[in-house]
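Chains, contacts and geometry: an overview
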Amino acid sequence: MASVAPARTRSPFSRRRLLATGALGLAAAATLGAVAPASAALLGDGDLDAEESAQWTEEFLTRPETREGFVLDAMDDWQVANAKFIIAVVKGHRLGEEVAVIALITAIVEAWLYNYEPAVDADSGGLFQQRPSMGWGTYDQVRHKKHALDAFLGRGEHSQAPGLLQAVPDVAAWEPGAAAQAVQASAHPERYTELVGAAREIWQRFADDVEPYSA
């Protein structure tokens, strides 16, 4: 079971620094690489317990999360809860493992599996770093986990941008990284493929215990 990352004496790499240096791909490919997980101050007010994460409250759906870092075996409570939520929503749409893997690798690469509040790229935000100016919804909608995930999957009525099921209607025939890139149009498409192993491990750890969510 994933655990909260222990305290570290060194500062974690920021997402911007990793994107600038290309270190994200190297660390993710190793899964347990040297990229530091989220900062030591992981616990405190606002952290989820198991009961809260199962309820997917409005506070959960909209709470901004700005801590940075990803290591598969050092995921903190919010990363675990967000991973479970992605799996739950994918199941709620009656989609399976391949779609969940695509959504997970995208959320890891784009926002470390956090509902990322600051705009990293222009007006981007949320789990998938969606941009209101590109038709993904309003400022609040791209930072609302259910709206953002529905939009990414192509099931969000509020979004004008083509989601996964529009961009890749034959999704089962696609390599997951290529499918993610078809939606995201990233300048670094190789990074999605590098996270496929980690995403499948997340699915294997949690999918059997997560109920479909479609509210």
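Structure report, in brief. (Residues numbered from 1 in each chain as written. Predicted model: local features only at pLDDT ≥ 70, side-chain atom pairs only at ≥ 80, totals over all residues. Heavy atoms only, no water.)

Turning our eyes to something else, we now look at the overall build of the protein. Within the protein one finds 12 helices and zero strands. In the protein, buried positions account for 51% of the 215 residues. Relative to all contacts within the protein whose residues are 6 or more apart in sequence, the contacts with residues 24 or more apart total 66%. Roughly 9,400 Å² of accessible area belongs to the protein as shown, and the carbon and sulfur atoms make up 52% of that amount. (Helix = DSSP H or I, 4+ residues; strand = E, 2+ residues; numbered from the N terminus. Buried < 20%, exposed > 50% of the residue type's maximum accessible area, 1.4 Å probe, protein only. Contact = heavy atoms within 4.5 Å. Areas by Shrake-Rupley, 256 points an atom, 1.4 Å probe, with all protein chains shown as cover.)

What follows covers the environment of Ser124. Mapped onto the elements of the fold, Ser124 is located in the loop between helix 6 (97–111) and helix 7 (139–142). Judged by its relative accessible area of 1%, Ser124 is buried. In the structure, Ser124 is positioned 12 residues away from Trp136 in sequence and 9.6 Å away in space, judged by C-alpha atoms. Apart from residues no more than four positions distant in its own chain, Ser124 is found in contact with Pro118, Ala119, Gln129, Gln130, Arg131 and Arg143. Engagement of the side chain of Ser124 in a polar contact is seen with the side chain of Gln129, the distance being 2.8 Å. (Polar contact = N/O pair within 3.5 Å; in protein donor to acceptor, adjacent residues only side chain to side chain.)

Right, let's talk about the environment of Trp78 for a bit. The residue Trp78 is located in helix 5 (residues 77–92) in this model. For the pair Trp78 and Leu113, spaced 35 residues apart in sequence, the C-alpha to C-alpha distance is 8.0 Å.

Following the criterion strictly, the structure yields six aromatic pairs and no others. Between Phe60 and Phe85 the ring centres are 5.4 Å apart and the planes differ by 70 degrees, which places this aromatic pair in the edge-to-face class. Of this pair, Phe60 sits in helix 4 (residues 58–62) while Phe85 sits in helix 5, and the two are 25 residues apart along the sequence. A relative accessible area of 0% places Phe85 in the buried class. Aromatic pair Phe128 and Phe152: ring centres 4.7 Å apart, planes at 5 degrees, arrangement stacked. (Phe/Tyr/Trp six-rings, centres within 6.5 Å; stacked < 30°, edge-to-face > 60°.)

Quick look at helix 10 (residues 176–184) now. With seven of its nine residues buried, helix 10 lies for the most part within the structure. When helix 10 is considered as a whole, its buried residues turn out to be Pro176, Gly177, Ala179, Ala180, Gln181, Val183 and Gln184. Contact partners of the buried residues in helix 10: helix 6, helix 8 (145–153), helix 9 (164–167), helix 11 (190–194) and helix 12 (196–206). Where helix 10 begins, the side chain of Glu175 points an oxygen toward the backbone nitrogen of Gly177, at a separation of 2.9 Å. Positive phi shows up at Ala185, right after helix 10, with a value of about 50 degrees.

Opposite charge on two side chains makes pairing possible when the charged atoms of those side chains draw close. In total, this model carries nine salt bridges according to the counting rule given. The shortest N-O distance in the salt bridge between Arg200 and Glu97 comes to 3.1 Å. Of this pair, Arg200 sits in helix 12 while Glu97 sits in helix 6, and the two are 103 residues apart along the sequence. Its relative accessible area of 28% is what places Glu97 among the partly exposed residues. (Salt bridge = Lys/Arg side-chain N within 4 Å of Asp/Glu carboxyl O.)

Here we take up the packing of helix 6 against helix 8. Where helix 6 meets helix 8, the axes come as close as 11 Å, and the angle between the chain directions of the two elements is 120 degrees. With respect to each other, helix 6 and helix 8 are oriented oblique. The element helix 6 and its partner helix 8 pack so that their crossing is right-handed. Each of Val99, Ile102, Ala103 and Thr106 in helix 6 lies in contact with helix 8, whose residues at this interface are Leu149, Phe152 and Leu153. (Axes fitted to C-alpha atoms, helices over the stretch in contact; angles between N-to-C directions. Parallel < 35°, antiparallel > 145°, perpendicular 65-115°, else oblique. Left-handed = near helix turned anticlockwise from the far one by under 90°.)

This brings us to unusual backbone geometry. Leaving glycine aside, a negative phi is the common case for residues, and trans is the common case for peptide bonds. Within the chain, Trp56 stands out as a residue other than glycine whose phi angle is a positive 45 degrees. On the secondary structure map, Trp56 appears in the loop between helix 3 (50–55) and helix 4. Its relative accessible area of 10% is what places Trp56 among the buried residues. Even without glycine at this site, Arg94 takes up a positive phi of about 60 degrees. Along the polypeptide, Arg94 turns up in the loop between helix 5 and helix 6.

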